[in-house]
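# Coordinate analysis (summary)
Each chain, written out:
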Amino acid sequence: MEEDAPELSAALLEGIRAAALPVSGRASDLDPLIDSIGDARFVLLGEATHGTHEFYQARATLTRRLIAEHGFRALVVEADWPTALRVDAFVRGNGQDTTASGALGNFQRFPRWMWRNREVEELVTWLRAHNATVPPEQRAGFYGMDLYSLHDSMREVVAYLDTVDPDAAERARQRYACFDSFGPEPHVYGRSTTYGQADSCEEQVWAELVELQRRRTRGPEDVDARFHAEQNARLVANAEAYYRAVYAGRHEGWNLRDTHMADTVDALAAHLSRGGPPARLVIWAHNSHLGDARATQLGDEGELNVGQLLRERHGAATYSVGFTTYTGVVIAAHEWDEPGLRRRIQPAMAGSYERLFHEVGLPAFLLRMAELGEAAGGLHERRLERAIGVVYAPRTERWSHYFHANLPAQFDAVLHYDDTRALRPLDADAGHETEDAPDTYPFGL
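Described below are features of the structure shown in this document. (Residues numbered from 1 in each chain as written. Predicted model: local features only at pLDDT ≥ 70, side-chain atom pairs only at ≥ 80, totals over all residues. Heavy atoms only, no water.)

Here we take up the overall build of the protein. If you tally the helices and strands in the protein, you get 19 helices and twelve strands. Within the protein, counting contacts between residues at least 6 apart in sequence, those at least 24 apart form 78% of the total. Total accessible area computed for the protein in this model is approximately 18,000 Å², and 50% of it derives from carbon and sulfur atoms. (Helix = DSSP H or I, 4+ residues; strand = E, 2+ residues; numbered from the N terminus. Contact = heavy atoms within 4.5 Å. Areas by Shrake-Rupley, 256 points an atom, 1.4 Å probe, with all protein chains shown as cover.)

Tracing the backbone shows D292 in the loop between α13 (287-290) and α14 (297-300). Judged by relative accessible area, D292 falls into the buried class, the value being 3%. Polar contacts involving the side chain of D292 include one to the side chain of R294, which spans 2.6 Å. Ignoring any residue separated from it by four or fewer positions in sequence, one finds D292 in contact with N305, G307, Q308, R311, A409 and Q410. (Buried < 20%, exposed > 50% of the residue type's maximum accessible area, 1.4 Å probe, protein only. Polar contact = N/O pair within 3.5 Å; in protein donor to acceptor, adjacent residues only side chain to side chain.)

Take the packing of helix α11 (residues 223-245) against helix α12 (residues 252-273) next. In contact at an axis separation of 9 Å, α11 and α12 are set at 170° when each is read in the N-to-C sense. On the basis of the axis angle, α11 is roughly antiparallel to α12. On α12, the residues that touch V223, D224, F227, Q231, R234, L235, N238, A241, Y242 and A245 of α11 are E252, G253, L256, R257, H260, T264, A267, L268 and H271. (Axes fitted to C-alpha atoms, helices over the stretch in contact; angles between N-to-C directions. Parallel < 35°, antiparallel > 145°, perpendicular 65-115°, else oblique.)

Remark: helix α9 (residues 186-194) packs on α11, axes separated minimally by 7 Å, with the N-to-C direction vectors making an angle of 65°. Relative to α11, α9 is oriented so that their crossing is right-handed. Note on element contacts: α11 touches α9 through E240, Y243 and R244, opposite P186, H187, Y189, G190, T193 and T194. Residues of the contact of α9 with α11, tallied by class, amount to three nonpolar, four polar and two charged. (Left-handed = near helix turned anticlockwise from the far one by under 90°. Nonpolar A, V, L, I, M, F, W, Y, C, P; charged D, E, K, R; others polar.)

Next comes the structure, spelled out in structure tokens:
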């Protein structure tokens with residue numbers, strides 16, 4: 001384990017103050033960030049928690065500008081492909097939903113608040129209105145890149161084939177029936193096959209994917225539907241491997257998941273670019289997925305992530321933005337699959353980037369790494385960085401939520417919000433108050 005980073009120096013603090021651009025909530029605050037993004041095709045917008053209002057609000061503001069002013073064609077989020085496609089239909093003016101809240105209705109798996117919240121609802125509403133003002137070929141879509149929807153994706157593959165080739169649909173049913181004996185919980189499949197209690201379905205899912213990839217489209221009207229079906233079949237194949245991999249070793253499952261997400265981004269970019277200029281995409285996910293893993297302690301230990309893979313594949317065409325907070329309130333659960341509650345975040349630990357940014361003395365600011373000047377050297381020295389997902393464990397804060405990182409190598413820019421608010425969930429079972437005892441700070445044990 002690395003030693004915690006040294007305390008800040010006055011020179012480093014002054015250098016950061018000189019480079020920091022105050023952020024007040026106006027759209028124009030992001031002008032310097034838009035300028036730095038330039039011609040990048042893949043703009044990665046992270047978050048330090050899965051439940052902070054300021055992160056979602058800033059990402060939404062930036063996303064609206066990139067779509068409306070710079071022709072970006074898609075928002076790709078840390079969600080499952082079939083679940084997000086209902087939203088995609090809505091923003092394109094298709095489907096049966098008449099409201100953004102209704103279009104978000106397929107987000108029922110924990111954590112629902114991550115996408116079923118007012119911030120996303122407002123962005124989705126705007127996206128539908130914007131798309132109504134531009135030609136169909138210029139409309140921006142809403143897509144998911146994650147791989148948890150094993151059973152939903154199998155159903156989508158069969159449903160597509162039912163409409164174009166009933167015989168192929170029957171073959172898909174027979175192959176996917178391999179999962180029937182494990183019930184609806186994919187982790188049961190993963191445990192059973194990893195520990196030798198049952199044979200895997202690997203051969204069947206890959207056979208289905210290969211057959212679908214070899215299909216010819218049935219004309220222009222089939223291009224999108226076939227692509228969506230192929231993405232679902234690829235998701236099934238990768239999810240099958242993922243649920244086995246999570247029981248096989250520390251990083252195998254994580255690496256397979258992030259590789260799937262990066263591959264989905266690339267496949268979508270190629271699909272949206274056909275017959276036209278290279279499509280530009282905005283990508284939303286946690287900092288831990290979008291900051292370059294090679295600049296972190298986790299990367300040293302064998303993890304890769306979406307940010308690393310896209311930088312390796314696309315170089316300067318990728319621009320990544322991280323988000324940090326010192327303290328505030330967040331929506332997070334006490335344990336996995338429990339309700340999302342309004343939780344008080346402990347002040348950031350000494351030796352962390354978040355504590356350093358708190359000492360800058362600005363409520364919120366933008367830091368572009370290429371503009372750091374003399375401050376760059378001090379910031380490159382690895383410090384602690386905080387990551388809160390859907391579960392927040394303040395009593396084990398140091399070990400549950402911190403890792404060492406080189407922030408300027410991890411991100412191209414960072415937006416820091418010193419005291420943050422919680423997301424506004426759409427569902428009544430999320431967002432209730434809870435108290436988190438601060439008496440473990442700063443030890444987190």
